[in-house]
Amino acid sequence: MSDRPEIRALTGLRIIAALWVVFFHFNGQFVELIPELSGLSFLCNTGYLAVDLFFVLSGFILAYQYLGEFEAGQGDYRHFLVRRLARIYPMMFVTTAVLIVIVFVDQPDYPDFYSVSGALDDLTLTRGWFVPSEGWNYPAWSLSSEWLAYLLFPLVVAMVLRVARISREWLLILLVMLLGAEVAGSVFLGGADGMPAPDVRVLVAFTAGVAMFLFRDLLPKGRAAGTIATVSLVALIACTGLIPSGPGRAAVGLALCIMVVGFLSTASGPIMRVLGSRLMVFGGRISFAVYMVHGLLYLWLPLAKWYGSPLLERLAIAASVFGLLFTIAIFAHYSIERPAQAWVMKMWARLRARKKAPQPVP
């Protein structure tokens, strides 16, 4: 499986999604810390939709990388799964281990939240599969959902290709049907936030990403696509909070995620220069570490100590949170994420070479 060239704007989009999740989780603490800026908190209230953006991105990028090989019957399913596991598991394992240390050393106020079964759900990447599960590692629920999508990738590809062979326009019908599935999932399997259950949520968004990859040839290109992508991204962050939580917000949020990813893939203009800049692409490459690390900081940082302090001091504390977050994320990316991924793939290559080596004749 050969890697295709990176779509830099979609890589840069990842850091925006990761930071939106961070602001969502820290929103309550930041409102208490800097109430002077509480008027902007509405931008953070729907940050959980960034996970749907990640799911759509994942489906789109994996289709971009692998769909041709699977369509031709040349896709190596085991190699595909090992690469995806090498990508997500090391950081999940390390952050979960650190979380265990934090829990047992600091003894948080809610120790009953943590159970052996919850830890196993996280460590086996099965959290939230068809049965609700709290788990330990707060952001890691999405990794279990991603892993489910990876396991089903050949089936998703086969289904989307079957629709595309009727006509590319039928992909639009499929996308509309997926939005309907999102609404149904919210109505019948919705959680407290009005979003569908994790397994429904990921399979709908992931499949939509794959479908949008095949539909992209029918989209406008150039600056027009860039304008639509920009408006869609702004609406996703700034306007979805105006819709009451529930099926409407879930469907509109997913539709905007699909539009952002699809139109960015065909766009040119200012948004491409911004998202494709060296700084944003670097942020996109460390975004997974940012996503995984921030849950530990949320649990560990005692921000309440500074509530009511002078404004400049509180602003400095808020800035230091992000400084610490990026420092740890960069360290984790280069010392854990990338080396572990390279090591897993090296071991996998050795195993494959050993199996292919000719056996001595007795």
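All of the points below concern the structure found in this document. Here the structure is a predicted model, which means the values were calculated and not measured.

Now for the overall build of the protein chain. Counting its secondary structure elements, the protein chain contains 14 helices and zero strands. Counted from the first residue to the last, the protein chain has its helices and strands arranged as α-α-α-α-α-α-α-α-α-α-α-α-α-α. On C-alpha atoms alone, the protein chain measures out to a radius of gyration of 21 Å, which is about the 21 Å that the 2.2 N^0.38 rule sets for 362 residues. By principal-axis analysis of the C-alpha atoms, the protein chain measures approximately 70 × 60 × 45 Å. Per-residue burial over the protein chain gives 49% buried out of 362 residues. Long-range contacts, defined as pairs at least 24 residues apart, comprise 79% of the intrachain contacts of the protein chain with a sequence gap of at least 6. When the accessible surface of the protein chain is summed, it comes to about 17,200 Å², and 68% of that surface belongs to carbon and sulfur atoms. On the protein chain, the mean spot of the 28 positive side-chain charges and the mean spot of the 22 negative ones are 13 Å from each other.

For the rest of this paragraph, the subject is the packing of aromatic side chains. Overall, the coordinates contain 18 aromatic pairs when judged by the stated rule. Each ring, one from Phe70 and one from Phe153, has its centre 5.4 Å from the other, and the planes form 85°; the classification is edge-to-face. Taken together, the residues Phe70 in helix H2 (residues 49–71) and Phe153 in helix H6 (residues 153–166) connect sequence positions 83 residues apart. An aromatic cluster of three or more residues is present, and its members are Tyr66, Phe70, Phe80, Trp147, Tyr150, Phe153 and Phe206. Just above the ring of Tyr150 sits the side chain of Arg84; from NZ or CZ to the centre is 5.2 Å. A cation over a ring is seen here: Arg216 above Phe213, with NZ or CZ 3.9 Å from the ring centre.

What follows concerns the pattern of salt bridges. Inspection of every chain in the model, using the stated rule, returns seven salt bridges. Salt-bridge contacts for Asp122 lead to Arg127; the nearest nitrogen and oxygen are separated by 3.2 Å. Asp122 gets classed as buried once you look at its relative accessible area, which sits at 1%. Taking relative accessible area as the criterion, Arg127 reaches 6% and is therefore assigned buried. Notably, a salt bridge pairs Arg168 with Asp217, separated by 3.5 Å at the nearest N-O pair.

The next subject is the state of the cysteines. By the definition in use, this model includes zero disulfides. Unpaired in terms of disulfides, Cys239 finds its nearest cysteine sulfur in Cys257, a separation of 14 Å. The exposure class assigned to Cys239 is partly exposed, which follows from its relative accessible area of 38%.

Basis of the calculations
Residues numbered from 1 in each chain as written. Predicted model: local features only at pLDDT ≥ 70, side-chain atom pairs only at ≥ 80, totals over all residues. Heavy atoms only, no water. Helix = DSSP H or I, 4+ residues; strand = E, 2+ residues; numbered from the N terminus. Rg over C-alpha atoms; globule rule 2.2 N^0.38 Å. Buried < 20%, exposed > 50% of the residue type's maximum accessible area, 1.4 Å probe, protein only. Contact = heavy atoms within 4.5 Å. Areas by Shrake-Rupley, 256 points an atom, 1.4 Å probe, with all protein chains shown as cover. Lys, Arg positive; Asp, Glu negative; His and termini not counted. Charge placed at Lys NZ, Arg CZ, Asp CG, Glu CD. Phe/Tyr/Trp six-rings, centres within 6.5 Å; stacked < 30°, edge-to-face > 60°. Lys NZ or Arg CZ within 6 Å of the ring centre and 35° of its normal. Salt bridge = Lys/Arg side-chain N within 4 Å of Asp/Glu carboxyl O. Disulfide = S-S within 2.5 Å.

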